[in-house]
Amino acid sequence: MINYALRRVLSALPIMLIAITVCFVILRLAPGGPFDGERPLPPTVLQNVMAHYNLDKPLWEQYWIYLSGVLRGDLGPSMTSYDFSVSQLLAIGMPFTLMLGMTAFVFATAAGMLAGAVAAVYQNKWPDYLLVLAVMIGLIIPNFLMAALLQLAFGVHLKWLPAGGWPGFSIPHLILPVLVLSWPHAARISRLMRGSMIETLGTNYVRTARAKGLGSRLVLARHALKPALIPVVSYLGPGLSYLLTGSLVVENVFGLPGIGRYFVNAALNRDYGLVLGTTIFYVVLILILNLIVDLVYAWLDPKVRYR
Amino acid sequence: MQFRTVIKGGLLAGLMALAMSGSALAVTLHSFNGGEPASLDPHRVSGDWENRIVGDYIEGLMTEDAHAEPIPGQASSYTVSDDGLVYTFTIRDDAVWSDGTPVTAQDFDFAFKRLFDPETAADYAYLQYPIKNAEAANAGDVPLDEVGIRVIDDKTIEFTLEAPAPYFLDALTHYTAYPVPRHVVEQHGSEWIRPENIVGNGAYQIVEWIPNSHIRAVKSETYYDAENVQIDEVVYYSMDDISAALARYRAGEFDILTDFPADQYQLLQDQYPGQAHVAPFLGLYYYVVNHNKEELADPNVRQALSMSINREIIGPDILGTGELPAYGWVPPGTANYDFDEYRPDWADLEYGERVAQAISLMEEAGYSASNRLNLQLKYNTNENHRRIAVAIAAMWEPLYVDVELFNSEVAVHYDALQNNDFDGVGRAGWLMDYNDAINMLELLRSDIGYNYGRYNNAEYDELLRESALITDMDARAEVLRQAEEIAMGETAGIPIYYYVSKNVVSPAISGYEDNAKDIHRTRWLSKSE
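Asker: Which residues make up the overall build of chain A, and what values go with them?
Answerer: The number of helices and strands found in chain A is twelve helices and zero strands. Sequence-ordered secondary structure for chain A, helices as α and strands as β, is α-α-α-α-α-α-α-α-α-α-α-α. Principal-axis analysis of the C-alpha atoms gives chain A an extent of 85 × 60 × 30 Å. Relative to all contacts within chain A whose residues are 6 or more apart in sequence, the contacts with residues 24 or more apart total 74%. Approximately 15100 Å² of chain A is accessible, and the part contributed by carbon and sulfur atoms is 71%. Considering chain A, the positive charge centre built from 22 side chains and the negative charge centre built from 12 side chains are found 19 Å apart.

Given below as C-alpha cells:
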C-alpha cells in the first residue's frame, strides 16, 4: 500500500507538468491579453508594462522563466493585482477556501449519508418522500439562485443571519454559504446512499443475518452500512474537489475572501500568472484527494487488491 | 480539556465585548466599492473603485470638494503665469505624512518622476502629459530630469506645461498627480503599499486589506483638516455581484452602494425612496463606425444609421435608469465648455419622420430590399450591451440593413477594436479622465489609438492642435465646439447615451452631493446612527 501511494505521488509529477504546459499554451492561444480592457493602454505604456512582466520575450523563454519559478516555489506576479504576488494571494485565500469547502464537505457528507440511509430503511414511506423533495430542491435550484433566495430570506427579511461578509472567523457568517454549497452535494450523496443501501438490504448476506435473528440496528450497522458506503466513497473525492473549486458563486454572492473567484475572474482578465497558480493549486489538491479516496476505497472493499 | 474550553470561551467573549464596545464609539462607514483593487499605489491603479480608496488616504496638490470641483489640497496657494504655461504651488505648512514626516516638494517631484519612469509602467501616466517633456520621458526618449517640474524649496514646486491646459488644475486632483512618501518607498520598494508599511497624507489611513473581502481605513489624526473629518472608520467592500450587494444594503450591512442593478431601480424607488441617486456622469456610450469599411465610408449611410436609432427609449425603457440620449460627443456638464449639448437638426424631428429620411438616404446610396447592407455589430458580453444591440439592430432593419450580432468577452472585444478588426460597428464607452472637452474629442483624432474606427479628418485634427495653443478659455471652447460640429456633422461615430452615475446612499449619510465626476471623498460625509 505504501509502495502504491509512493508510485501515485511520483506519477503526479508528469501530470502536473502536463497541466501547467497545457494551461500555459491555451492561455496564450486565447485572443486578448491581460492589458486589453475597456480602456486600452497607449502603446508606449503598453510596451513598458509588457517588458515588466517579460511578456515581450519569446514564448518558450516565458515558459522557461515561469517553470523555473514554479520549481523554486515562486508562482510569479499577478497581472491584475499588483500589490500581491500569486503565491501571496493563494496563501491568503487558501485557508478560507479550504475551511469553507471542508465544512461544507463534512456537513454534506454526514447529512447526505444519514438522510440516504433513513430513506432506504423507510423506503416509500413519508421520510423517503420528504428526502426526495429536499433532494429535488437541492438539485434543481441553481446555486446562484439558492444563494440569493437564502440571502433575501434570512438576511434581508427575517434578519436572523448576516447577508454576507467575512469580518474574521464567525459562525453566523458561515451558515448560509455552507448551506448553499453543501445542499446539492448532500442531495447527490443521499441519492447514492439510498440506492446502494436498498441494494445492500436486498442481498443474501443481509437476509442471512436477519434470519440468524440479529436485531435490525445491528444488521444495519455491522452488515449493511459498510458495503453500502462504497459508491458513496467513490463519489467523495470528485465531490470534495467540486466543493473546493465550486465556491465561486457562493464567494461572489456572500462577498467571501476565498480563491474560487480567482479561478474564473483571472481567466476572464487573462491574468496569466493567477490562472496558472490557481490551476496548479487545484491540480495538486485534486491529485491528493484522489489518492486519499483510492486508499479509503482499498480499506472499504476487500475485493480491490493492490500489488 | 473542559477547563481549557471554558477559558477559551471566556477570552473570546471578552474580546467580542471589547470589539463591540469599540465599534459603538466609532462611526464606521460601510461602503460597497465594487471590484477588488488591483493596487493601492496611485501609480498602479486605473479604476474608480481604486480611486475611492486611494483618494481617501493620499491627497494631491489639488483635491476635490464635495461637488468634485478642484480646490487646493496639500497646496495652500498657487499662481499661474500669464501665458498659462507655468504653475507654482506652495505646499501647506501643516501637510504631513501619517508617520509625522512633513510633505515636501521633493515628495511630489519624486512621485511625478516615478510616474513617468518607464520602469514603473504606470497605466495612466499619460494623464499628466500636459507637463513639459512628460510624454517623451515616459517613452524613455529624454531623461526624467528634463520633465518640466522644478523644486524651488521644500514647500514650493513649479510645473511647466507643453502648452496651456486649462484643465491642468483638475488633472492635478487625479491620483496620477498624488505624491508618494519618498522615505517609505525608498525603504520598502514596491512593498511600501502593504498595510504594515503604508503611509499616506490624506484624511484616512489604511490599516487592513483582506483581498476579495475588504479594505479598512481609519481617520488620520495627522491630516490638516482632521478636526472636520466626521467618519472615524471606513470599510470598502469588494464584491462583483451587485445584486448581492443590494441585498446586503437592504439588510443594513452597507451605507453606500457605488452601483446598483438597473432592474432594481423601481424597487429602490418604491421601497427606499430618495436613496437611489442617479446623476449625469461624464461619459459617453457610443458605437464606433469602421471608416475603413467601404460601405461605411459614405457619410450619408453613417448618418442614416445614426438617425434611425431611437435614443429616447434606450435610457428609460431598455436600461431602466434614465440614461440621457446622446446626439453629440461631449457630455453635458463638461467644464470649460459652456454650450448646450450638440444636437443635429434631425434630432428634433419626430421619430417616424427621421426613419423616413434615413430610408431615403439609404436609397440614394443604392440600397434597397434586394440590395441590403450587411453589417457586423460587435459588443462585449454584457446583458445591457446585448439588449441595446438587439434593439438597434431592429431599428436598422427598415433601412435595408442586415445586422450580424457578435459578442465576445471584454479583453477580446477591445483587442479587436484596437486592431480595427470589426466589419461594421462596435460598441465602446468612454468615461472622461479629466473634466475637459478635449478628453472626449481626442477619441476622434486621427493619430490616436483609441480612434478605433480610424476616423480621419485633417481639419478636425488641425482644430484640436490649434485649441491646445489658445489661452483664452472662450476662444478655445469655440474651436473645440467647431471640431465637435465637424465630426458629428459627418457622423464620425454614433453617440448613443451619456452615462449616469448610480449610487445608493443611506438616509443616515449626509454631505453626499451628486456630481458629474461621481467622486465623493469620505472626508465630506457624516453618518448619524
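Asker: Please set out the domain arrangement of chain B residue by residue, giving values where relevant.
Answerer: All names here are of chain B. You can read the domains of chain B as domain 1 (11–239 + 506–527) and domain 2 (280–501). One C-alpha centre belongs to domain 1, the other to domain 2, and the line joining them spans 34 Å. Summing both partners gives a buried area of about 1300 Å² for domain 1 against domain 2, and 64% of it is carried by carbon and sulfur. Considering only the side of domain 1, the residues that lose the most area to domain 2 are Pro166, Tyr167 and Ala516, jointly responsible for 39% of the buried surface there. Between domain 1 and domain 2 we count zero salt bridges in total. Linking domain 1 to domain 2 there are three residue pairs in polar contact (both at pLDDT 80 or more). In terms of residue class, the side of domain 1 that touches domain 2 is built from eight nonpolar, two polar and four charged.

Asker: Pulling in residues and values, what's your account of the side chain of B:Glu158?
Answerer: The residue B:Glu158 is located in strand β7 (residues 156–160) in this model. Excluding residues that lie within four positions of it along the chain, B:Glu158 makes contacts with B:Val86, B:Tyr87, B:Thr88, B:Gly148, B:Ile149, B:Arg150 and B:Ile152.

Asker: Quick one: what's the story with the side chain of B:Glu50, residue by residue and with numbers?
Answerer: Along the chain, B:Glu50 turns up in helix α2 (residues 48–57). We note that B:Glu50 is buried and unpaired, the nearest opposite charge coming from B:Arg52 at a distance of 9.5 Å.

Thresholds applied
Residues numbered from 1 in each chain as written. Chains lettered and ligands numbered in written order. Predicted model: local features only at pLDDT ≥ 70, side-chain atom pairs only at ≥ 80, totals over all residues. Heavy atoms only, no water. Helix = DSSP H or I, 4+ residues; strand = E, 2+ residues; numbered from the N terminus. Contact = heavy atoms within 4.5 Å. Areas by Shrake-Rupley, 256 points an atom, 1.4 Å probe, with all protein chains shown as cover. Lys, Arg positive; Asp, Glu negative; His and termini not counted. Charge placed at Lys NZ, Arg CZ, Asp CG, Glu CD. Domains from an automatic or database assignment. Buried area = accessible area lost by both parts, 1.4 Å probe. Salt bridge = Lys/Arg side-chain N within 4 Å of Asp/Glu carboxyl O. Polar contact = N/O pair within 3.5 Å; in protein donor to acceptor, adjacent residues only side chain to side chain. Nonpolar A, V, L, I, M, F, W, Y, C, P; charged D, E, K, R; others polar. Buried < 20%, exposed > 50% of the residue type's maximum accessible area, 1.4 Å probe, protein only.

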